Amino acid sequence: RLLFTRDGKAFAAMEGTLSLKTPSLIRRLPALCGVMFCLGAALEYTMCKTGFYNVTAVKEGQKAAARQAEEEEFWMRVKARRETRQAQVTIRSDE
């Protein structure tokens, strides 16, 4: 059987017992899953041992504390502004 490449050259495809077999995904899938599981476990182990999760937790805590401080400061400014407006609106009688 003759096959042709893009540039027009012909070559013979091997047939029979000498032909290249197409790889079977079903046969290789368990090995692939095992390898990927081991890689994931190794990555998780490395992240735990290096303290990655501790660093991340501390940084997230700092962000949450900063966000809460900003929010408290915002509401203090709002309260002060409301008190100022209340004082301006209040009618006082000095009599």
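Here, the structure is the one placed above.
1. What to know about the overall build of the protein
1) Next: Of regular secondary structure, the protein possesses 2 helices and 2 strands.
2) Next: In the protein, the succession of helices and strands from N to C terminus is β-β-α-α.
3) Next: A burial count over the protein gives 2% of its 95 residues as buried.
4) Next: Entry remark: accessible area of the protein is about 9,500 Å², with carbon and sulfur atoms responsible for 62%.

2. Quick look at the packing of aromatic side chains
Aromatic ring pairs are defined here through the distance separating the ring centres and the angle between the ring planes.
1) Next: Per the stated rule, a full pass over the model turns up 2 aromatic pairs.
2) Next: Ring plane angle 70° and centroid distance 5.6 Å describe the contact between F52 and Y53, whose orientation is recorded as edge-to-face.
3) Next: By relative accessible area, F52 is classed as partly exposed at 40%.
4) Next: Between F74 and W75, the aromatic rings sit 5.0 Å apart at their centres with planes inclined by 70°, giving edge-to-face as the arrangement.
5) Next: Residue class for F74 comes out partly exposed when judged on its relative accessible area of 37%.
6) Next: For W75, a relative accessible area of 45% gives the class partly exposed.

3. Some words on a nonpolar patch on the surface
1) Next: A cluster of nonpolar side chains, namely L25, L29, L32, V35, M36 and L39, defines an oily patch on the protein surface of about 580 Å² accessible area.
2) Next: Relative to the assigned elements, M36 resides in helix α1 (residues 25–50).

4. Examining the pattern of salt bridges
1) Next: Inspection of every chain in the model, using the stated rule, returns 2 salt bridges.
2) Next: In this structure, the salt-bridge partner of R77 is E73, at a minimum N-O distance of 3.3 Å. Of the two residues, R77 and E73 both sit in helix α2 (residues 52–89), 4 residues apart, roughly one turn of that helix.
3) Next: On the accessibility criterion, E73 (46% relative accessible area) is partly exposed.

Here is what the cut-offs are and how they apply
Residues numbered from 1 in each chain as written. Predicted model: local features only at pLDDT ≥ 70, side-chain atom pairs only at ≥ 80, totals over all residues. Heavy atoms only, no water. Helix = DSSP H or I, 4+ residues; strand = E, 2+ residues; numbered from the N terminus. Buried < 20%, exposed > 50% of the residue type's maximum accessible area, 1.4 Å probe, protein only. Areas by Shrake-Rupley, 256 points an atom, 1.4 Å probe, with all protein chains shown as cover. Phe/Tyr/Trp six-rings, centres within 6.5 Å; stacked < 30°, edge-to-face > 60°. Patch = residues over 30% accessible without salt bridge, like charges linked within 9 Å, V, L, I, M, F, W, Y side chains within 5 Å. Salt bridge = Lys/Arg side-chain N within 4 Å of Asp/Glu carboxyl O.

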